[in-house]
Number of protein chains: 6
Amino acid sequence: MVTLTEKPDSETRYDRGLRALAEIDGHGGQQVVDALADIAPDFGRYLIEFPFGDIYSRPGLDLRSREIATIAALTALGTAQPQLKVHIQAGLNVGLSRVEIVETIMQMAVYAGFPAALNGLFAAREVFAANEAA
Amino acid sequence: MVTLTEKPDSETRYDRGLRALAEIDGHGGQQVVDALADIAPDFGRYLIEFPFGDIYSRPGLDLRSREIATIAALTALGTAQPQLKVHIQAGLNVGLSRVEIVETIMQMAVYAGFPAALNGLFAAREVFAANEAA
Amino acid sequence: MVTLTEKPDSETRYDRGLRALAEIDGHGGQQVVDALADIAPDFGRYLIEFPFGDIYSRPGLDLRSREIATIAALTALGTAQPQLKVHIQAGLNVGLSRVEIVETIMQMAVYAGFPAALNGLFAAREVFAANEAA
Amino acid sequence: MVTLTEKPDSETRYDRGLRALAEIDGHGGQQVVDALADIAPDFGRYLIEFPFGDIYSRPGLDLRSREIATIAALTALGTAQPQLKVHIQAGLNVGLSRVEIVETIMQMAVYAGFPAALNGLFAAREVFAANEAA
Amino acid sequence: MVTLTEKPDSETRYDRGLRALAEIDGHGGQQVVDALADIAPDFGRYLIEFPFGDIYSRPGLDLRSREIATIAALTALGTAQPQLKVHIQAGLNVGLSRVEIVETIMQMAVYAGFPAALNGLFAAREVFAANEAA
Amino acid sequence: MVTLTEKPDSETRYDRGLRALAEIDGHGGQQVVDALADIAPDFGRYLIEFPFGDIYSRPGLDLRSREIATIAALTALGTAQPQLKVHIQAGLNVGLSRVEIVETIMQMAVYAGFPAALNGLFAAREVFAANEAA
């Protein structure tokens, strides 16, 4: 089970969060934090500390499963397209295949309707295309 | 990867869906279909055919991951407590540990807020207790 | 096309709303207004004036279609079960058949997912049963 | 009551869905299916089979009422602007007047708030303008 | 407590609403009403009469608190970015500081998740930048 | 401006959060944390640390305004009735009047529809009645 590698006890939530953010979101996450610098720098810090330093760093659920959960939820909610794209990329980063991501999104048609799944699939198409162009 | 076992080509969507429903939801799913018999029997059939016969039967994503996706989405949406409980039980049925289910729900605090995660955790507590009582 | 019957120019929004409320919701609507009397009486008045005096009284869409729209929306949102039940009864009051109501709710599986449609169907079953008991 | 014309028993769900899709959505629906071809072709097939082959083909509710239900729900949800525009066009295709569409959307202010209705009206204005330009 | 200034008894809801709209939303509100003129002029009137003539004109809650409530709700819902921007500007118009607006939006991470708060903060950044450019 | 009283630098997030929780939610908040003890004790800790230790403890927005924001958001979302009741009580605890709470909830009719406001008002009526009974 691939979870975040063990941490020394002395590591702060912020440092652990930064490590998790880099491993999971790559550049996408850091760009969000940078974009907050002039308007709500503390929120950029919270974003590193709570979601990444506290939640994604926990043992008990591997990172691939965590990204399936996040992709499913953001597809179903349908209110956070930029964050959904970041996490489709994050899914690829932690080892999900394109097929696994597409299956996760398709399944949301059952729980949140066809439009939610369609908009999720179009987000995935965009992220996959950006990976090929890179 | 545990997905629904291979099916003969001649199996109908309905029969395949019934198999998937039994394997995943156990009694909970069939009770929902029965409850529809007097008001919308066709909808009971669709419920077997599309979500279970079409979606959950697909290869490409294992059943444990499918249940993580569903538990995450229903927790985040917050509008389907009865169905969330059915799928927390389904998660146990297909091999998720209690810890994995709890971690999935906790993570939703990040994407849908603390109340959504709290209400999901209380649903899980109820399902876990019912399993112990049984 | 059955819309609210023509009104004299001198009728106030409140009186027109009361007429529409009585015709559409019957007792259910008035009970809601009464329940607001001790906490937010002005809101009871707004409820009569804007939704019923302004919107439901408009020509241009018949009352049956208006109730289809409301039943669809409340089923899809999934956050207003008491109001959904009031409007399933209202649909019957203005002439929708049980079949038309059930079809409207079932269709929401496509746009808001199967749990939303299921919870809507169970609300309809309850309202239909109450009509038979009465 | 205008519903999908009777079908021979031998017609598959897919063929029936294609007929319904063409009659209801016209080009808009087919474009969505085409857009899925490279990322999730099976989902394009499901989209034809379940919403159109199963649901919209059912007797019991005429196509005009079905489109009122869909326009109402998508306006209220507020998370599917592209699909709302497709169904405003679909409403025109199956015989709804602009007034009926506008009244349906306006009514959603009561159930989902003024911003949802406003964003729905602006979608309608865009679709109506595209019809005039064509 | 700054609420809308006392009105003569003879003032209509429409006139009172226009006053409130001008005081709260400034140009942004009137532009929305104008944009409705060709598609749903009555809805433009309702928008002035109910939200502004009835609700925002009420004593009992000052305009600063009313804008905090609206900014919080629109951030949490995540389905009305144009209206959120109008009300971030409205918050500045009635005397909220940038800090108070940013704190209100940040707090929504707790109740609606981090993506909702992030998208709200980016809306605020845009509105604040437009104020500086003006 | 009433915000949480100044804290010594050495106070942990957990201790600061406990202080804020006690001041704002009183018994209600602690009961939630206790209820998590057997299923997700870490989540009980996060609930104290992030919402209360990080967010509600911040200067820049007074506690009355913070509760208005929370009551507005939970009313508008309509998916968290237990938490809405806790925060209606919290509003009273930090000095909001019943009128201010009722006005905040009523205003949500504009942004999330009349059913959301109605269900919020009924929650308030229940909390107010419990206060009188106590």
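Residues numbered from 1 in each chain as written. Chains lettered and ligands numbered in written order. Predicted model: local features only at pLDDT ≥ 70, side-chain atom pairs only at ≥ 80, totals over all residues. Heavy atoms only, no water.

Describe in detail the relation of the copies chain C and chain D, supporting the description with residues and values.
Two chain copies here: they are related by a rotation about an axis and a translation along the same axis. Here chain C sits on chain D after a turn of 180 degrees about the axis and a move of 0.0 Å along it, with an RMSD of 0.0 Å. Taken together, the rotation and translation relating the two chain copies correspond to the operation of a two-fold axis. Both copies share a contact surface, since 100% of the interface residues of chain C are interface residues in chain D too. (Least-squares fit on C-alpha atoms with pLDDT ≥ 70 in both. Contact = heavy atoms within 4.5 Å.)

Describe the interface of chain E and chain F, naming the residues involved and giving the relevant values.
If you look at the interface, chain E gives 31 residues, while chain F gives 31 residues. Both faces considered, chain E and chain F share a buried interface measuring about 2,700 Å² in area, 69% of it formed by carbon and sulfur atoms. Sorting the residues of chain E by area buried against chain F places E:E103, E:Q107 and E:Y111 first, and these three jointly supply 24% of that buried surface. The interface formed by chain E and chain F contains four salt bridges. Among the ionic pairs, F:R66 bridges to E:E103, the shortest N-O distance being 2.7 Å. If you list the elements that add at least two residues to the side of chain E that touches chain F, you get α3 (41-56), α4 (63-77) and α6 (98-112) of chain E. (Buried area = accessible area lost by both parts, 1.4 Å probe. Salt bridge = Lys/Arg side-chain N within 4 Å of Asp/Glu carboxyl O. Helix = DSSP H or I, 4+ residues; strand = E, 2+ residues; numbered from the N terminus.)

Can you lay out empty space enclosed by the protein for me, pointing to particular residues and giving the numbers?
Throughout the structure, instances matching the rule amount to two cavities of 30 Å³ or more. What lines the largest cavity is a set of 16 residues, and nearest its centre among them are D:L118, E:D25, E:L47, E:F52 and E:H87. Of all the secondary-structure elements, those providing two or more residues to the lining of the largest cavity are α7 (114-133) of chain D, α2 (27-35), α3 and α5 (81-93) of chain E together with α6 (98-112) of chain F. Broken down by class, the residue content of the lining of the largest cavity amounts to 11 nonpolar, four polar and one charged. Estimates place the volume of the second largest cavity at around 30 Å³. Surrounding the second largest cavity, A:T75, A:G78, A:Q81, A:L84, A:A116, A:N119, A:G120 and D:T79 form its lining. A total of three residues in the lining of the second largest cavity trace back to one element, the largest contributor, which is helix α7 (residues 114-133) of chain A. The residue inventory of the lining of the second largest cavity, partitioned by class, reads two nonpolar, six polar and no charged. (1 Å grid on protein atoms, 1.4 Å probe; cavity = no way out; pocket = protein on both sides within 12 Å on 5 of 7 lines; lining within 4 Å. Points joined across faces, edges and corners; volume = space filled by probe spheres on them. Nonpolar A, V, L, I, M, F, W, Y, C, P; charged D, E, K, R; others polar.)

That's the geometry; what it means functionally is another story.
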